[in-house]
Amino acid sequence: MSACRDVVIVGGGAIGASAAFHLVADPGFGGTVTVIERDPRHARSATALSVASIRTQFSQPGNVAMSLHGADVIRRFPQITATEDGPGPDLAFHEAGYLTLAATGAGAETLRANHAVQVASGADVALWSPDDIAAAFPHLRTDDLMLGAYGRSNEGWFDNMGMLSGYRRAARARGATFVAGEVTGLVRDGPRVCGVVLADGSEIAAGAVVNAAGTRAGQVGAMAGLRLPVGPRKRTVFVFDCARSPEGSATVAKGRLPLMVDPSGVYCRPEGRGFVTGAAPDPDPEVAFDDFEPREAEFDNVIWPALAARSEAFEAIRVQARWVGHYEWNAFDQNLLLGAHPDAPGLVSACGLSGHGLQQAPAVGRAVAEIVLHGATRAIDLSDFGVARVDEGRPLTERAVI
Ligand SMILES: Cc1cc2nc3c(=O)[nH]c(=O)nc-3n(C[C@H](O)[C@H](O)[C@H](O)COP(=O)(O)OP(=O)(O)OC[C@H]3O[C@@H](n4cnc5c(N)ncnc54)[C@H](O)[C@@H]3O)c2cc1C
């Protein structure tokens, strides 16, 4: 990138921590890594407020490839992030699959088209008839369904904070520094970005600055004059229990229920003794960075009716808790924005993951390290995800956004 080999990462969530780890773990990297995080307790980061699930059911081959890598890393995380003090955390991978349901001809066509991409990209996803679905998960009503897609492996859920702390600990052990502070400006040398300015006025020089600022990545891009269409979209997650558990279902998923995506868009998966559920709101406006008020009405108006229609077991349910998180929404095409822009060399973006970034943090962090060290992605070709596509009006739309 430039003569200075030091790297500053803006944002210490899953993406920033993974990028830090992959840089310092690379024997070819001879610089320093400093991660700047404005909210070191992660009270409001997407990483901490995530539903922490992983799927290979995407419509873009690059997303399938990134999540397949994510599943592999999640399984081997203790070894991958081991330090002299011992193995990294076990991420408690519940590999119970996603079950995506379609109730219309158009919905079934989309599942079929996505399935062709998934299988061609190496995913282990099966298309199921309503009878197949009823046989596997007898608690579900299937009379209105046309098709389902079920991930037989590499899909499920895992420990989000374990991933964050494991990457952070392993990066620190290899020399990375994590600093509490807010980046308020970028240092430029002509168009080149060559450092950051912190809120206290201090500056840190860098050969590369990584924009892993999550929902605030648009702000960081603007500091370099870039238009990155990334901002916060509110998601309310509800935790509920059932009077009558559907857990007795004879499932093919190792005795466990999958993460179900109903045709209504409502998703639901087991969490401990209960379930977590949510839905994308309609309308879905950008919200203020400090707006974490739950949208209580979503449960009664949208989620409960959809769940009760899908299973008798979900007719008598009680909300036990709820939380609000912000998706880092890429309004252009709901996909990762990766790499440097010709107008601001030295600023490597890794943002805009639109609600599927936790599972892709292993692949994205590795890709950032490859871009810093080699100028391009290597292990997975992610050149389609380049930031310049926004200015060029070339969307890489992900159809399977939950
Ligand atoms: C409700 C919800 C459910 C989700 N479910 C899933 C799921 O099931 N599976 C999945 O894969 N993904 C899911 N996601 C998305 C996933 O959590 C995110 O894509 C991922 O965590 C993004 O990581 P990140 O590091 O980019 O962002 P974050 O974790 O938000 O981290 C960015 C960090 O940058 C810091 N920052 C911002 N600006 C500055 C600045 N100027 N200076 C210093 N620091 C700064 C912030 O404080 C923040 O901590 C979900 C998200 C939400 C909200």
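These lines cover the structure that appears in this document, whether it is placed above or below. (Residues numbered from 1 in each chain as written. Predicted model: local features only at pLDDT ≥ 70, side-chain atom pairs only at ≥ 80, totals over all residues. Heavy atoms only, no water.)

1. What to know about empty space enclosed by the protein
Any empty space left between atoms is shown by rolling a water-sized probe over those atoms.
1) Next: A full pass over the atoms with the stated rule returns two cavities of 30 Å³ or more.
2) Next: Of the voids in this model, the largest cavity is the one considered here, and its volume is about 70 Å³.
3) Next: His139, Leu140, Leu257, Pro258, Met260, Cys268, Arg269, Phe275 and Phe314 together form the lining of the largest cavity.
4) Next: Along the lines of polarity and charge, the residues of the lining of the largest cavity split into seven nonpolar, one polar and one charged.
5) Next: Of the voids in this model, the second largest cavity is the one considered here, and its volume is about 30 Å³.
6) Next: If you go around the second largest cavity, the residues you meet are Leu226, Arg227, Leu228, His341, Val387, Val390 and Asp391.
7) Next: Here the lining of the second largest cavity is composed, by residue class, of four nonpolar, one polar and two charged. (1 Å grid on protein atoms, 1.4 Å probe; cavity = no way out; pocket = protein on both sides within 12 Å on 5 of 7 lines; lining within 4 Å. Points joined across faces, edges and corners; volume = space filled by probe spheres on them. Nonpolar A, V, L, I, M, F, W, Y, C, P; charged D, E, K, R; others polar.)

2. So, unusual backbone geometry
1) Next: In this structure, the amide linkage connecting aspartate 282 to the following residue, proline 283, adopts the cis form with an omega of 5°.
2) Next: With respect to the helices, strands and loops of the structure, proline 283 is situated in the loop between β16 (274-278) and α7 (297-310).
3) Next: You will see that histidine 42, though not glycine, has its phi angle at about 55°, which is positive.
4) Next: For histidine 42, the position within the fold is in the loop between β2 (33-37) and β3 (53-54).
5) Next: Histidine 42 sits in the buried class, given a relative accessible area of 4%. (Helix = DSSP H or I, 4+ residues; strand = E, 2+ residues; numbered from the N terminus. Buried < 20%, exposed > 50% of the residue type's maximum accessible area, 1.4 Å probe, protein only.)

3. Brief notes about the nonpolar core
1) Next: Within the largest apolar cluster, 51 residues are counted, with the highest numbers of intra-cluster contacts made by Val7, Ile9, Val33, Met163, Leu338 and Val368.
2) Next: Where this core is concerned, the elements lending two or more residues are β1 (7-10), α1 (14-24), β2, α2 (61-80), α5 (160-173), β12 (208-211), β19 (347-351) and α8 (357-374).
3) Next: If you tally residues by element for this core, the top one is α8, at nine residues.
4) Next: When neighbours within four sequence positions are excluded, methionine 163 is seen to be in contact with Ile74, Phe77, Leu91, Phe158, Leu358, Ala361 and Pro362.
5) Next: Core analysis: the second largest hydrophobic core is formed by 25 residues, Ala136, Phe137, Tyr150 and Cys242 among them. (Core = buried A, V, L, I, M, F, W, Y, C linked by side-chain atoms within 4.5 Å. Contact = heavy atoms within 4.5 Å.)

4. Some points on the site of the ligand
1) Next: As a structural note, the neighbourhood of the ligand is formed by 36 residues, with Glu37, Thr47, Ser53, Glu328 and Gln359 the closest of them.
2) Next: The backbone of valine 51 places a nitrogen or oxygen atom 3.2 Å from a nitrogen atom of the ligand.
3) Next: Within the backbone of glycine 357, one N or O atom sits 2.9 Å away from an oxygen atom of the ligand.
4) Next: Protein contact buries 96% of the 1000 Å² of open area that the ligand shows by itself.
5) Next: It is strand β17 (residues 317-330) that contributes the most residues to the shell around the ligand, four residues altogether.
6) Next: Of the residues that constitute the shell around the ligand, the class distribution is 14 nonpolar, 15 polar and seven charged.
7) Next: Taken together, domain 1 (7-86 + 159-231 + 332-392) and domain 2 (98-156 + 232-327) each give at least three residues to the shell around the ligand, which thus spans both. (Near = heavy atom within 4 Å. Polar contact = N/O pair within 3.5 Å; in protein donor to acceptor, adjacent residues only side chain to side chain. Areas by Shrake-Rupley, 256 points an atom, 1.4 Å probe, with all protein chains shown as cover. Domains from an automatic or database assignment.)

5. Let's talk about the packing of aromatic side chains
1) Next: All told, the structure shown has eleven aromatic pairs when counted by the stated rule.
2) Next: Between the aromatic rings of phenylalanine 299 and tryptophan 304, the centroid separation amounts to 6.4 Å while the plane-to-plane angle is 25°, which identifies the pairing as stacked.
3) Next: Here the basic side chain of arginine 216 rests over the ring of phenylalanine 289, its NZ or CZ set 4.3 Å away from the ring centre. (Phe/Tyr/Trp six-rings, centres within 6.5 Å; stacked < 30°, edge-to-face > 60°. Lys NZ or Arg CZ within 6 Å of the ring centre and 35° of its normal.)

6. Let's talk about the packing of α1 against α5
1) Next: At a closest axis distance of 8 Å, the pairing of α1 and α5 adopts a crossing angle of 35°. As α1 runs across α5, the sense of the crossing is left-handed. The segment α1 lies against α5, with Ala14, Ala17, Ser18, Ala20, Phe21, His22 and Val24 engaging Leu164, Tyr167, Arg168, Ala170 and Ala171.
2) Next: Looking at the contact of α1 with α5 residue by residue, the classes come out as nine nonpolar, two polar and one charged. (Axes fitted to C-alpha atoms, helices over the stretch in contact; angles between N-to-C directions. Left-handed = near helix turned anticlockwise from the far one by under 90°.)

7. Notes on the side chain of glutamine 57
1) Next: Relative to the assigned elements, glutamine 57 resides in the loop between β3 and α2.
2) Next: Among the residues examined, glutamine 57 registers a relative accessible area of 5% and is labelled buried.
3) Next: Within the structure, the side chain of glutamine 57 is placed 2.8 Å from the side chain of threonine 100, a separation counted as a polar contact.
4) Next: Within the local environment of glutamine 57, its side chain forms a polar contact with the side chain of glutamate 155, the two groups lying 3.1 Å apart.
5) Next: When residues no more than four places from it in sequence are discounted, the contact partners of glutamine 57 are Tyr98, Thr100, Gln118, Val125, Ala149, Tyr150, Gly151, Glu155 and Ala400.

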